[in-house]
Amino acid sequence: SRFCSPACKIEVPERLTVSHEALVRTGLAARCVSIAVREATDEEILLVHSEEYLEAVKKTPYMTLEDLMAFTQQYGDVYFHPNIYHCAKLAVGATLQLVDSVMTGRVRNGIALVRPPGHHSQKSAASGFCIFNNVAIGARYAMQKYGAKRVLIVDWDVHHGQGVQYCFEDDPNVLYFSWHRYEHQNFWPNLRESDYDSVGKEKGAGFNINVPWNKVGMENSDYLAVFFHVLLPVAYEFCPDLVLVSAGFDSAIGDPEGKMCATPDIFAHLTHLLMNLAGGKLCAVLEGGYNLTSLAQSVCQTVQTLLGDPAPLPADLGGPCESVLKSIHCVRSAHKQYWSSDLPASELSAKSLKVAEQKTGNEPEAQEQRSPEEIVWPEPPKRLCPPVRTAVALPEGVACPDACKRCSSAEAPSSLYSLSLHVLCECVCAGSVCRITVSLYILVCVIVCRAVHVLICVCVCVCVCVCVCLAPQGCSDVAGFMQAVLGLLLPLGYEYNPGLVLLVRMPGSGVCESVWQQLAGLLQGLAQGHTLVLMQVRGPVWVKYSPVNWWMCIQDQNWQLCKCTNSCYQQAEYIRYS
Ligand SMILES: CC(O)(O)NCCCCNCCCN
Ligand SMILES: [Zn+2]
């Protein structure tokens, strides 16, 4: 009979079966390629673990029950059964198979649904249901076999992956980011080094980011605020070749461990916000997640975003709560000396503290009284999956990029208003096409409020950004631009929840290609991906416009065209028609 310390009884096999069954039931599994799993080799496990630890674990299948129990006692909150060594090798092997498939380009991204999890296990120790550190081995493997120079590990599990921190704390090539329930060191694993001031050691200083949750009940707004104001600015500056996600879903509502209030659909946006990094190379690896309902929903939300489907915004997004603001402030101060992308933290906290004041007092401690099983939340909203992702309106003679749909180029619109409504009605709102690319010449980035009518609201920050890029140094100030997008435009856009994003580009605006791609990619998290990209063409362009009439006559075929592929998230490639 299998003994198990009571702490481990939540780590059950059904975690994988309900997740996979949900993927099959929703039709998502059929849209994925399945990758065969394999056992990891000793050499691969030794990328992170010591020989003596591996040799000891190797003996567990042959141990008597009492030996097994004695062996287990030396570690915390982990169980060993005769078959766990085999399972742990499969978990590592599955992770490495996924890394192979992504690094060789066979797939763009993917998720490894594995048990046992990995992020707590250390060089010579098991911990917290973890035997081998799947993600840490995956990072080392990607660097050794594929020459990945910089690997970003994002750990959104609700527990601190101390095993990953220990493994890479002196390594500037692996940036480890983790948020975790901490409650001023009163929550497991109760480590002093899980706090925000553990920034890494020696050469690794600055490459370890801990965001402690000192209260339970964190919500979607809190998670997004940490992404916008802590993780993403640093991740963009770090510019990874590969993103590994320690995808623990015990940070979702209903989980007995996390006791948080973020809903499963938030993972659609967390995933989306990471998919514009590393050219889209993203490997998600399951860690925790113990409420079978929210786990299955969260896995589906993550996979559907990996497949490129846009997601509606979670409801009621606002600013972060006061406790999170303090954490954000502390971690940004601790890292200020290491990263240049740094809005004056005081500005951030001043702005958001105002918001927080409105929110204080609603820290939902009340939910603690109910048992996790009693907590209910709405099903994630249905997500559209447009048969065609990108349509392009082009003049005759210019070939339509592959995987795009050619839509009849709008007759010269009488005004931006009619253009956007014209295009809107014709293609986007019909839900048949997720995005339209029309080449037109207009300056501002316009966020259309609510789908009902077009309110031309100039979004301050893009004008600021464009001005920034118009600065003498041109778009070398990419950091400044990205900081404004991440720290201003995205939070604003997510709170605004527009019905359409109108993204336009002015000739000579100095916004260089890579930045434009990132902007186009990131903004697809809004308006369910309904993006109207209005491109300026390069070359002699004769434009006649008046406050009312905006149209363009192209003098030649010298086009610069945004070749958006058929995925919402694949990097838009720029090709120049000559
Ligand atoms: C992968 C992971 O991060 O989800 N492992 C979590 C281990 C939690 C250990 N403590 C359990 C105490 C029971 N209340
Ligand atoms: Zn966890």
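Residues numbered from 1 in each chain as written. Chains lettered and ligands numbered in written order. Predicted model: local features only at pLDDT ≥ 70, side-chain atom pairs only at ≥ 80, totals over all residues. Heavy atoms only, no water.

Going by this rule: UniProt positions are given in the numbering used here, feature names are shortened, and annotations may be inferred rather than shown by experiment.
An unreviewed UniProt entry annotates the protein chain as Histone deacetylase 10 of Myripristis murdjan. Under the Subcellular location (unreviewed entry) heading, UniProt states for the protein chain: "Nucleus". Per UniProt, the protein chain carries the Sequence similarities (unreviewed entry) text "Belongs to the histone deacetylase family. HD type 2 subfamily."

### Things to note about the domain arrangement of the protein chain
Accessible area lost upon the coming together of the parts is a frequently used measure of interface size. To keep things clear, this is the line we draw: Bear in mind that the domain bounds are from an automatic or database domain assignment. Note on contacts: a residue pair is in contact if any heavy atoms of the two residues lie within 4.5 Å. Accessible-area loss on putting two parts together, using a 1.4 Å probe and summing over both, is the definition of buried area adopted here. Throughout this description, the term salt bridge denotes a Lys or Arg side-chain nitrogen within 4 Å of a carboxyl oxygen of Asp or Glu. Each helix corresponds to a stretch of at least 4 residues labelled H or I by DSSP, and each strand to a stretch of at least 2 residues labelled E; elements are numbered beginning at the N terminus. Here the term charged refers only to Asp, Glu, Lys and Arg, the term nonpolar to Ala, Val, Leu, Ile, Met, Phe, Trp, Tyr, Cys and Pro, and the term polar to all other amino acids, Gly among them.
Each assigned domain of the protein chain is listed here: domain 1 (6-103 + 117-362) and domain 2 (391-570). Taken together, the contact between domain 1 and domain 2 spans 24 residues of the former and 21 residues of the latter. Counting the surface lost from both domain 1 and domain 2, the interface buries some 2,100 Å², and carbon and sulfur atoms represent 65% of this. Sorting the residues of domain 1 by area buried against domain 2 places Phe 228, His 272 and Leu 313 first, and these three jointly supply 27% of that buried surface. One can count 0 salt bridges joining domain 1 with domain 2. Secondary structure elements with two or more residues in the side of domain 1 that touches domain 2: helix H8 (220-238) and helix H9 (266-274). The biggest single contributor to the side of domain 1 that touches domain 2 is H8, with 6 residues. Residues belonging to the side of domain 1 that touches domain 2 are distributed by class as follows: 13 nonpolar, 9 polar and 2 charged.

### Focus: the packing of aromatic side chains
Formally: Ring pairs are drawn from Phe, Tyr and Trp, using the six-membered ring of Trp, whenever the two centres fall within 6.5 Å, and their geometry is named by plane angle: stacked under 30 degrees, edge-to-face over 60, tilted for the rest. When a residue's accessible area, from a 1.4 Å probe over protein chains only, is under 20% of the maximum for its type it is buried; when over 50% it is exposed; and in between it is partly exposed.
Scanning the model with the defined rule gives 20 aromatic pairs in all. Seen from their ring centres, Trp 179 and Trp 213 are 5.3 Å apart, and the 45 degrees between their planes marks the pair as tilted. On the criterion of sequence distance, the pair formed by Trp 179 in strand E3 (residues 174-181) and Trp 213 in strand E4 (residues 208-213) is long-range, its members being 34 residues apart. Exposure remark for Trp 213: the relative accessible area of 0% places this residue in the buried category. Site record: aromatic cluster; members linked through ring pairs are Tyr 53, Phe 71, Tyr 75, Phe 80, Tyr 85 and Phe 132.

### Overview of the packing of H8 against helix H15 (residues 478-496)
The condition is simple: Here an angle of 0 to 180 degrees is reported between the N-to-C directions of two axes, which are lines fitted to C-alpha atoms, with helices fitted over the stretch in contact. Throughout, the term roughly parallel applies to angles under 35 degrees, roughly antiparallel to angles over 145, roughly perpendicular to angles from 65 to 115, and oblique to all others. Put simply, a crossing is left-handed when the front helix is turned counterclockwise from the back one by less than a right angle, and right-handed when it is turned clockwise.
With their axes 9 Å apart at the nearest point, H8 and H15 run at an angle of 155 degrees to one another. Here H8 lies roughly antiparallel to H15, going by the angle between them. When the axes of H8 and H15 are compared, the crossing they make is right-handed. Judged by residue contacts, Leu 224, Phe 228, His 229, Leu 232, Pro 233 and Tyr 236 of H8 engage Met 482, Gln 483, Leu 486, Gly 487, Leu 490, Pro 491 and Tyr 494 from H15.

### A word on the environment of His 81
As for its placement among the helices and strands, His 81 is situated in the loop between helix H4 (65-73) and helix H5 (84-103). Each C-alpha atom of the pair His 81 and Arg 150 lies 36 Å from the other, and the pair is 69 residues apart in sequence.

### Brief notes about the UniProt feature "domain: Histone deacetylase" (unreviewed entry) in the protein chain
In the numbering used here, UniProt assigns the "domain: Histone deacetylase" (unreviewed entry) feature to residues 11-305. For residues 11-305, helix accounts for 39% and strand for 12%, while the C-alpha atoms at its two ends are 26 Å apart.

### With respect to the sheet that holds strand E6 (residues 282-286)
Under the convention used in this document: Paired strands are those between which DSSP finds at least two bridges.
Spatially, E1-E6-E5-E2-E3-E4 is the arrangement adopted by the 6 strands of the open sheet, whose pairing is parallel. Looking along the sheet, the strands with just one partner apiece sit at the ends: strand E1 (109-112) and E4. Across the sheet, the axes of successive neighbouring strands diverge by a mean angle of 10 degrees, strand direction being ignored. By the bridge criterion, 5 bridges tie strand E2 (residues 151-155) to strand E5 (residues 242-247) in an arrangement that is parallel. Across the sheet, the residue bridging to Asp 155 is Ser 246, located in E5. Docked against the sheet, helix H6 (residues 134-146) engages E2, E3, E5 and E6, running at close to 170 degrees with respect to E5.

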